[in-house]
Amino acid sequence: MDLSFSPAEESFRAEVKEFIDKEFTADMQDVLKKSPTNYLDPERQRIWQKALYEQGWAAPKWPVEHGGTGWTAAEHYIYETEISKAGAPRPIAFGARMVGPVIIQFGRPDQKERFLPRILAFDDWWCQGYSEPGSGSDLASLSTRAVRDGDHYVVNGSKIWTTLAQHADWIFCLVRTSTEGKRQEGISFLLIDMNTPGIRVEPIVLIDGEQPPHHEVNQVFFDDVRVPVENRIGEENQGWTYAKYLLEFERGGSYGASIRSGIEKVRYIASQENSNGRPLIEEPDFRTKIARLEMEVRAVEISELRILGALGAGERPGAESSVLKMRGTELGQAVTELTMQALGYYAQPHEIEYLTPGSNVEPLGPEYAPTVTPRYFNYRKASIYGGSNEIQHNIIAKLILGL
Ligand SMILES: Cc1cc2nc3c(=O)[nH]c(=O)nc-3n(C[C@H](O)[C@H](O)[C@H](O)COP(=O)(O)OP(=O)(O)OC[C@H]3O[C@@H](n4cnc5c(N)ncnc54)[C@H](O)[C@@H]3O)c2cc1C
C-alpha cells in the first residue's frame, strides 16, 4: 500500500500552511499560548472563522452544494494535521459541525436558505440546548416544555452546561411537546433566537476559576419564551431522531491530528526536562509510554479516515462515531497526563496571574509550563460532554456489537 501523498496533495498542504501563516496572527498565537482551551476570545474567534469562510473552509464536511469543500479523506487529514501542528484555533462546533448537518438533512428549503449561509459566514454563533438539570445521560427524560399557542410555542424550563451560551445568537433546543407514550416520542427540535424575551443566561464558574466573561459553561433559563412554530426542525415529536443524528456529527470529529501534535509537545518538553542527570526523553520507560500512545493514535486515525470515507460517499457517521469519541478522548486525556509527567514540579503552581489575558507577568519556569495543568483539568470534560464515555460504551454494545 502506498501511503505517501501525491504532488497534488502536497500542493494542497502548502496552501493550508500558507493560509495558516497569513491568518493565524501573532496576536492570536499569544492569546492561545495562555489559554486552557483551544478557543480564542469572541472577537478574535469571529475573525478566525470569517477567514475560514472567505477561504471556503468554514464547513469542510458539508456537501459541496451547501458550501462544503468536497475534500478527499487525504485532504481532510492534511488539513487537520497542519491546523493542529500550528496550534491554530478550533472553530466553534455548534453551528457548522452540529446544527448545520441537521438543517441540511431535515430542514425545510426556507430554513436552509435562512440559516445555512449565516452558519457558514459565522454571522450567527450557536449553542447547544440538550442537557438539563437531572437530564444528562438520560437525555430523553428532559422536561423543558414547549406548549403550542397559535403559530408559536411557549417555552419554559432550563438547559445546563450550555457551552459559551454567553456569546451565542441562537440556541438549538430539545423541548418536550408531549408527555404521552414513549418519552423519546414527545420531543421536538427548536431553533431559538437568544434575543427572545424571557431568556436568561447565568454563568457557571468551575474549579478552574475562569471568571465571567471568560467562563465556559452556563445555565440558560426560559421563562414564557415565544418561539415561532416555523423554527421547528422537521415534525413535532420527532426531535429525538434529529437529536441523535446531530450527536453522530458531534462525536465523530477529528481527534488524531491534535493528539499527535500533543505527543510532539510531550517530546519537546521531555527533551528540555532532566531526569537522573539526562534529558527525560532518553529514559526508556518514558519513551515506551510515548510509543504506546503513538500506536494507539494510529488506530484512531484509521477509524477517522473510515468515517470520512463514508461521509464522502454520502453516508452518515453512524454509531462508529461513538468508538471514535471514546478512544479519541481517552487518548487525548492520556496525552495531557503524560505532558504533566514530563513537566514534573512545574506542573504544580497555578500561575493565574501569568495566564490572565493581557498580563505582563513572567512565568515561574519555562514558558510552556503554565498552561499544561489547566489543559489537563480542562480536558477532563471531553469524556463527559457529547455523552459520557460510559454512555458511548452502552451505544457500542447495543448498536455495534448487538449485545
Ligand atoms: C464542559 C462541559 C460542557 C458541556 N457542554 C454542553 C452543551 O453545550 N450543551 C449541552 O446540552 N450539554 C453540555 N454538556 C453536558 C453533557 O452532555 C452532560 O454532562 C453529559 O451528558 C453527562 O450528563 P450529566 O452531567 O447529567 O451526568 P449524569 O448523567 O448524571 O452521569 C453521572 C455519571 O453516571 C454515569 N452514567 C449515567 N448513566 C449511565 C448508564 N446508563 N450507564 C453507565 N454509566 C452511566 C455517567 O457516565 C457519569 O459518569 C457539557 C458538559 C461538560 C462537562
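Quick note: structure is the one above.
Overview of the structure. Every value quoted in this text rests on a predicted model; they were computed, and no experiment measured them.

Another aspect to go through is the packing of helix 8 (residues 256-272) against helix 9 (residues 284-312). For any two helices packed against each other, the geometry comes down to the angle between their axes and how far apart the axes lie. Two elements in contact, helix 8 and helix 9, have axes whose closest approach is 9 Å; the angle formed by their N-to-C orientations is 165°. Considered as vectors, helix 8 and helix 9 are oriented roughly antiparallel to each other. Both helix 8 and helix 9 take part in a crossing whose hand is left-handed. For the pair formed by helix 8 and helix 9, the contact residues are G256, A257, I259, R260, I263, E264, V266, R267 and A270 on the first element and F286, I290, L293, E294, V297, R298, V300, E301 and E304 on the second. Taken together, the residues of the contact of helix 8 with helix 9 break down into 10 nonpolar, one polar and seven charged.

Between helix 1 (residues 7-23) and helix 3 (residues 42-55), whose axes approach to 11 Å, the crossing angle comes to 145°. Between helix 1 and helix 3 the crossing geometry is right-handed. Two secondary-structure elements touch here, helix 1 through E15, F19 and E23 and helix 3 through W48, A51, L52 and Q55. Partitioning the contact of helix 1 with helix 3 into residue classes produces four nonpolar, one polar and two charged.

Moving on to the nonpolar core. Counting residues in hydrophobic clusters, the biggest one holds 56 residues, and the most contacted among them are F172, F189 and L191. The dominant element in this core, judged by the number of residues it contributes, is helix 5 (residues 93-106), at eight residues. If you count residues domain by domain, this core takes at least three from each of domain 1 (7-91) and domain 2 (125-237). Other than its neighbours up to four places away in sequence, L191 contacts V99, I103, F115, W126, W170, I171, F172, V227, N231 and I233. Counting 24 residues, the second-largest nonpolar core is a separate cluster that includes I269, L280, I307 and L331.

In the vicinity of the ligand, 19 residues are found, and the nearest of them are S137, W161, T163, S388 and E390. Take S131: an N or O atom from its main chain is 2.7 Å from an oxygen atom of the ligand. Within the side chain of E390, a nitrogen or oxygen atom sits 2.7 Å from an oxygen atom of the ligand. When the ligand sits alone it has 970 Å² of accessible area, and the protein chains cover 65% of it. No other element matches the three residues that helix 13 (residues 389-400) contributes to the shell around the ligand. Partitioned by chemical class, the residues of the shell around the ligand number eight nonpolar, nine polar and two charged. Residues from two domains meet in the shell around the ligand; each of domain 2 (125-237) and domain 3 (252-400) gives at least three.

Calculation rules
- Residue numbers here run from 1 along each chain, matching the order of that chain's written sequence.
- Two thresholds apply to this predicted model, a pLDDT of at least 70 for residue-level local features and 80 or more for giving and counting side-chain atom pairs, whereas whole-chain, interface and lining totals are computed over all residues.
- Values shown for side chains rest on all heavy atoms present in the structure; no hydrogens or waters enter the calculation.
- Where helices are involved, their axes are fitted lines through C-alpha atoms of the stretch in contact, as for all axes, and angles between N-to-C directions lie from 0 to 180°.
- Starting at the N terminus, helices and strands are each numbered in turn, a helix being any DSSP run of H or I of at least four residues and a strand any DSSP run of E of at least two.
- An angle below 35 degrees is read as roughly parallel, one above 145 as roughly antiparallel, one from 65 to 115 as roughly perpendicular, and any other as oblique.
- By the definition used in this description, the sense in which the near helix is turned from the far one sets the handedness, with an anticlockwise turn below a right angle giving left-handed and a clockwise turn giving right-handed.
- Contact criterion: two residues are considered in contact whenever any of their non-hydrogen atoms come within 4.5 Å of each other.
- Polar here means any residue other than Ala, Val, Leu, Ile, Met, Phe, Trp, Tyr, Cys and Pro, which are nonpolar, and Asp, Glu, Lys and Arg, which are charged; Gly is therefore polar.
- Definition used in this section: a nonpolar core is a set of buried Ala, Val, Leu, Ile, Met, Phe, Trp, Tyr and Cys residues joined via side-chain atoms within 4.5 Å.
- Type-normalised accessible area, obtained with a 1.4 Å probe on protein chains alone, sets the label of each residue: buried when under 20%, exposed when over 50%, and partly exposed for intermediate values.
- Domains are outlined according to an automatic or database domain assignment.
- A cutoff of 4 Å decides nearness: a residue is near a molecule or strand if any of its heavy atoms lies inside that distance of it.
- Two N or O atoms count as a polar contact when they lie within 3.5 Å, although within protein this holds only if one can serve as hydrogen donor and the other as acceptor, and sequence-adjacent residues are included solely when both atoms are side-chain atoms.
- Only the protein chains shown count as cover for residues, and the accessible areas themselves come from Shrake-Rupley with a 1.4 Å probe.

What is shown is where atoms sit, not what they do.
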